[in-house]
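# Geometric and topological summary
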Amino acid sequence: DAKTTQPNSMESNEEEPVHLPCNHSTISGTDYIHWYRQLPSQGPEYVIHGLTSNVNNRMASLAIAEDRKSSTLILHRATLRDAAVYYCILRGAYSGAGSYQLTFGKGTKLSVIP
Amino acid sequence: GAVVSQHPSRVICKSGTSVKIECRSLDFQATTMFWYRQFPKQSLMLMATSNEGSKATYEQGVEKDKFLINHASLTLSTLTVTSAHPEDSSFYICSARDNRDRGSSYNSPLHFGNGTRLTVT
């Protein structure tokens, strides 16, 4: 499986934008880039995903480099509730029954300063 | 949105006993569910993949006789930790993919439960 590399931690001031980077230099042409986040003592939560074009949803934006070797998750205005570990994940192995695994790396722990 | 309910949220058991954790998809059917384990300050580690009606597929290093998985229906998977020991204390998390997304499963989200904190004393 292709690997991702993320900074261990980042800080942001509340109400300011946050750019969370992810490197995936060995990504294959069919790998989607997924982002999940995990709040303390909770299960992960889907944030966004994309293939080639930049994507926006109500939670965040995903900017994907033209060569697809890196991507950036953008939180437009960080709130205290956005403090979490953010995982950048590429599609994993086929699990059968039409489903694929997600393999989690270490992620980036985002701290939001009031 | 799709909801995965995991029960119990916390459990404390004595060494040598068995504990069952349930994972239910509340408003969708899931042929495939995944079980993860997370130790403090570490990432999620995939333990096994369960497909309804067939045997679970375990990741390397995960003992299938110790972590029994049953996926008897399209909305319920259970993980039983047998003869639990203190080193099994961890955060266990299940996830499920909506069957309606199977045709595009490589790019559809996984829905996660809120985890079960197991403490073995």
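Residues numbered from 1 in each chain as written. Chains lettered and ligands numbered in written order. Predicted model: local features only at pLDDT ≥ 70, side-chain atom pairs only at ≥ 80, totals over all residues. Heavy atoms only, no water.

Along the backbone of chain A there are 0 helices and 10 strands. The N-to-C order of helical and strand elements in chain A reads β-β-β-β-β-β-β-β-β-β. Here the C-alpha atoms of chain A give a radius of gyration of 14 Å, agreeing with the 13 Å that 2.2 N^0.38 yields for 114 residues. Counting only C-alpha atoms and orienting by the principal axes, one finds that chain A spans roughly 45 × 35 × 25 Å. By the burial criterion, 46% of the 114 residues in chain A qualify as buried. In chain A, the proportion of contacts linking residues at least 24 apart, taken out of those at least 6 apart, comes to 56%. About 5,700 Å² of surface is accessible on chain A, with carbon and sulfur atoms providing 49% of the total. (Helix = DSSP H or I, 4+ residues; strand = E, 2+ residues; numbered from the N terminus. Rg over C-alpha atoms; globule rule 2.2 N^0.38 Å. Buried < 20%, exposed > 50% of the residue type's maximum accessible area, 1.4 Å probe, protein only. Contact = heavy atoms within 4.5 Å. Areas by Shrake-Rupley, 256 points an atom, 1.4 Å probe, with all protein chains shown as cover.)

On to the confidence of the model for chain B, then. The predicted coordinates ought not to be read in detail in places where the model reports low pLDDT. With 95% of its residues at a pLDDT of 70 or more, chain B shows a mean pLDDT of 92. Within chain B, the lowest mean pLDDT, 92, falls on strand 5 (residues 45-51) of chain B, and the highest, 98, falls on strand 11 (residues 116-120) of chain B. (pLDDT = per-residue confidence, 0-100.)

You'll often see interface size given as the accessible area lost when the parts meet. Contact with chain A, which involves 23 residues of that partner, is made by 25 residues of chain B. Regarding the contact of chain A and chain B, the summed buried area is about 1,900 Å², with carbon and sulfur atoms giving 52% of it. Linking chain A with chain B are 0 salt bridges. At the junction of chain A and chain B, the tally comes to 4 residue pairs in polar contact (both at pLDDT 80 or more). Of all elements in the fold, only strand 3 (33-38), strand 4 (45-50), strand 8 (84-96) and strand 9 (99-102) of chain A reach the threshold of two or more residues within the side of chain A that touches chain B. (Buried area = accessible area lost by both parts, 1.4 Å probe. Salt bridge = Lys/Arg side-chain N within 4 Å of Asp/Glu carboxyl O. Polar contact = N/O pair within 3.5 Å; in protein donor to acceptor, adjacent residues only side chain to side chain.)

The next subject is the packing of aromatic side chains. On inspection of all chains with the given rule, the structure shows 8 aromatic pairs over all chains. Among the aromatic side chains, those forming a connected cluster through ring pairs are Tyr36, Tyr46, Tyr87 and Phe104 of chain A together with Tyr36 and Phe112 of chain B. (Phe/Tyr/Trp six-rings, centres within 6.5 Å; stacked < 30°, edge-to-face > 60°.)

Below, the discussion takes up the side chain of Ser50 of chain B. Residue and element names in this part refer to chain B. Along the chain, the position of Ser50 falls in strand 5. Since its relative accessible area comes to 1%, Ser50 is described here as buried. Of note is the side chain of Ser50, whose polar atom sits 3.4 Å from the side chain of Ser77. Not counting residues within four places of it along the chain, the set of residues in contact with Ser50 comprises Thr31, Thr32, Met33, Ala56, Ile69, His71 and Ser77.

Taken as a whole and judged by the stated rule, the model has 2 disulfides over all chains. Across the disulfide, Cys22 of chain A is cross-linked to Cys88 of chain A (sulfur-sulfur distance 2.1 Å). Handedness here is read from the sign of the S-S torsion; for Cys22 of chain A and Cys88 of chain A, about -80°, the answer is left-handed. In this pair, Cys22 of chain A sits in strand 2 (residues 18-23) while Cys88 of chain A sits in strand 8, placing the two residues 66 residues apart along the sequence. When sorted by exposure, Cys22 of chain A lands in the same class as Cys88 of chain A, which is buried. Linked covalently through their sulfurs, Cys23 of chain B and Cys94 of chain B form a disulfide whose S-S length is 2.0 Å. Between Cys23 of chain B and Cys94 of chain B, the disulfide has an S-S torsion of 80° and is therefore right-handed. With Cys23 of chain B in strand 3 (residues 19-25) and Cys94 of chain B in strand 9 (residues 90-96), this residue pair connects regions lying 71 residues apart in the sequence. (Disulfide = S-S within 2.5 Å.)

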